[in-house]
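Descriptive analysis of the structure
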Amino acid sequence: MRIGVPKETAAGERRVALAPETVGRLGGITVSVERGAGETAGFADEAYTEAGAQLADDAWTDVEAVVKVAKPSDAEAERLASGQLLVGFLQPLTETAFVERLAERGVLGFAMESIPRTTRAQAMDALSSQATVAGYKGALLAAERLPKFFPMLTTAAGTIAPAKVLVLGAGVAGLQAIATARRLGAVVSGFDVRPAVKEQVESLGASFLDLGIVGEETEGGYARELTRDEQARQQAALEERIPEFDAVITTAAIPGRPAPRLIPTGAVEGMRSGSVIVDLAAETGGNCELTRPGDEVVEHGVRIVGLLNLPSTMPLHASQLYSRNVAALLGHLAPGGELNLDWSDEITAGTCVTRKEVAA
């Protein structure tokens, strides 16, 4: 089997789908890497050739599979042929027209965000690996934007009290944000509507903020969407408690849906001047009512950070983690380099987002 690794062309995307360290682990698979594909992630062409990959001017043709990070552009999609595999973040829940076009062309699209959240598929879980990066970077952004120290400092000029940080959502990104903020010395609290994560929050040295709002966990590990009444009560409770904190990092997301609004304008107005909100849900609209996706603004004296694609701001490690996820999926789909698509397997069937249309 021969796979192609093209250069990412999406605006601001600095990651690459396969890192050199992963190339040698793909037993039986020949890797063709477009020249310069790994440069923005910190991987020189020479590192790929040393790892056993071949450099090419075109990584789309004469390959059985194409592996990417971001969804291909329309022009790139036109280069895919019937029977080819495409692996990447294909956004199947929101980019349905694109997925339908892939299906019509006979392309077998495997969406990395559709990997089942099961123990067997854990090594392929790209959403979790990239959320780890986002949570870490989110805590760093909060520490950098906040005009005060995170840790407590005892100096000759007196003692500086530690910053108080609240993390909303205790999924992978939220837990990583909690752990990072704690390492930086902040006093951290975490909130999630799923009571089952309370122990995880506390195991990281943070306190669990109990607002009296409880929601069940879905099969994929996400919190179910709250009812309108529950949302209203949650917002009211947060509006009361958020002013206690210097920095708030929000991570709540629902796959394929707009991000739930957790922080109303009233809560922002109640925060101290100089406080910071880092909205990791900005990709899907944001958890804060005043978030501007892709921008950083100051409202009522509070800095609200809505930057997008945070994993791409740490492209080396983000690429390494994503590359290992892709390699695990390829090893599952093509053990020993021989493509073997078992549609009775939950990973193969669940990840392929174009199969039903192809079969028709």
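Right, let's walk through the structure included here. Bear in mind the structure is a predicted one, so any value in this text is a computation, not a measurement. (Residues numbered from 1 in each chain as written. Predicted model: local features only at pLDDT ≥ 70, side-chain atom pairs only at ≥ 80, totals over all residues. Heavy atoms only, no water.)

For sheets, the rule is that strands pair by backbone hydrogen bonds, running either parallel or antiparallel. Taken in spatial order, the seven strands line up as E11-E10-E9-E12-E13-E15-E14 in an open sheet, and their pairing is mixed. Only two strands of the sheet have a single neighbouring strand rather than two, namely strand E11 (207–208) and strand E14 (296–299). Two elements, strand E9 (residues 164–168) and strand E10 (residues 187–191), share five bridges in a ladder whose sense is parallel. Residue pairing in the sheet places valine 167 in a bridge with glycine 190 of E10. Packing against the sheet, helix H5 (residues 126–145) makes contact with strand E12 (247–250), strand E13 (276–279), E14 and strand E15 (302–305), and its axis sits at approximately 155° to E13. (Pairing = 2+ DSSP bridges. Helix = DSSP H or I, 4+ residues; strand = E, 2+ residues; numbered from the N terminus. Contact = heavy atoms within 4.5 Å. Axes fitted to C-alpha atoms, helices over the stretch in contact; angles between N-to-C directions.)

Moving on, we come to unusual backbone geometry. At histidine 300, a position not held by glycine, the phi torsion is positive, near 55°. Tracing the sequence through the fold places histidine 300 in the loop between E14 and E15. We note that asparagine 309 has phi near 50°; this positive angle belongs to a residue other than glycine. The residue asparagine 309 is located in the loop between E15 and helix H10 (315–333) in this model.

On to the nonpolar core. In this structure, Ile3, Val31 and Leu329 are the most contacted members of the largest nonpolar core, which totals 39 residues. When contributions to this core are tallied by element, the ones reaching two or more residues are strand E1 (2–5), strand E2 (30–34), strand E4 (65–67), strand E5 (85–88), strand E6 (108–111) and H10. A total of six residues in this core trace back to one element, the largest contributor, which is H10. Setting aside anything within four residues of it in sequence, one finds leucine 329 in contact with Val87, Phe110, Met112, Ile115, Met124, Ile347 and Thr351. Residues Ala134, Ala173, Ala186 and Ala206 belong to the second largest nonpolar core, which totals 29 residues. (Core = buried A, V, L, I, M, F, W, Y, C linked by side-chain atoms within 4.5 Å. Buried < 20%, exposed > 50% of the residue type's maximum accessible area, 1.4 Å probe, protein only.)

Let's shift gears to the sheet that holds E4. Pairing is parallel in the open sheet, where six strands are placed in the order E3-E2-E1-E4-E5-E6. Each having just a single partner strand, strand E3 (54–56) and E6 make up the two edges of the open sheet. Adjacent strand axes in the sheet meet at a mean angle of 25° when their direction is disregarded. Across three bridges, E4 lies against E5 in parallel orientation.

Moving on, we come to the pattern of salt bridges. Tallied over the entire structure, the rule returns 19 salt bridges. Of the charged contacts, one joins aspartate 58 and arginine 79 as a salt bridge, the two residues approaching to 2.7 Å between their closest N and O atoms. Separated by 21 residues along the polypeptide, aspartate 58 in the loop between E3 and E4 and arginine 79 in the loop between helix H3 (74–77) and E5 bring together distant segments of the chain. The class for aspartate 58 is partly exposed, based on a relative accessible area of 26%. When its relative accessible area of 39% is taken as the criterion, arginine 79 is described as partly exposed. Here aspartate 246 ties to lysine 148 by a salt bridge, and the two come within 3.3 Å at their closest N and O atoms. Here lysine 148 lies in the loop between H5 and strand E7 (153–155) and aspartate 246 lies in the loop between helix H8 (228–241) and E12, a separation of 98 residues in the sequence. Connected through salt bridges with shared partners, the residues Glu144, Arg145, Glu296 and Arg303 form a single ionic network. (Salt bridge = Lys/Arg side-chain N within 4 Å of Asp/Glu carboxyl O.)

This next bit is on the pairing of E15. Two elements, E13 and E15, share three bridges in a ladder whose sense is parallel. Its bridge partner being in E15, valine 278 is matched across the sheet by valine 305. Inspection of the sheet shows E14 paired to E15 by four bridges, in the antiparallel sense. Counted as the bridge partner of glutamate 296 is valine 305 from E15. Between the antiparallel neighbours E14 and E15 lie two residues, among them histidine 300 with a positive phi of about 55°.

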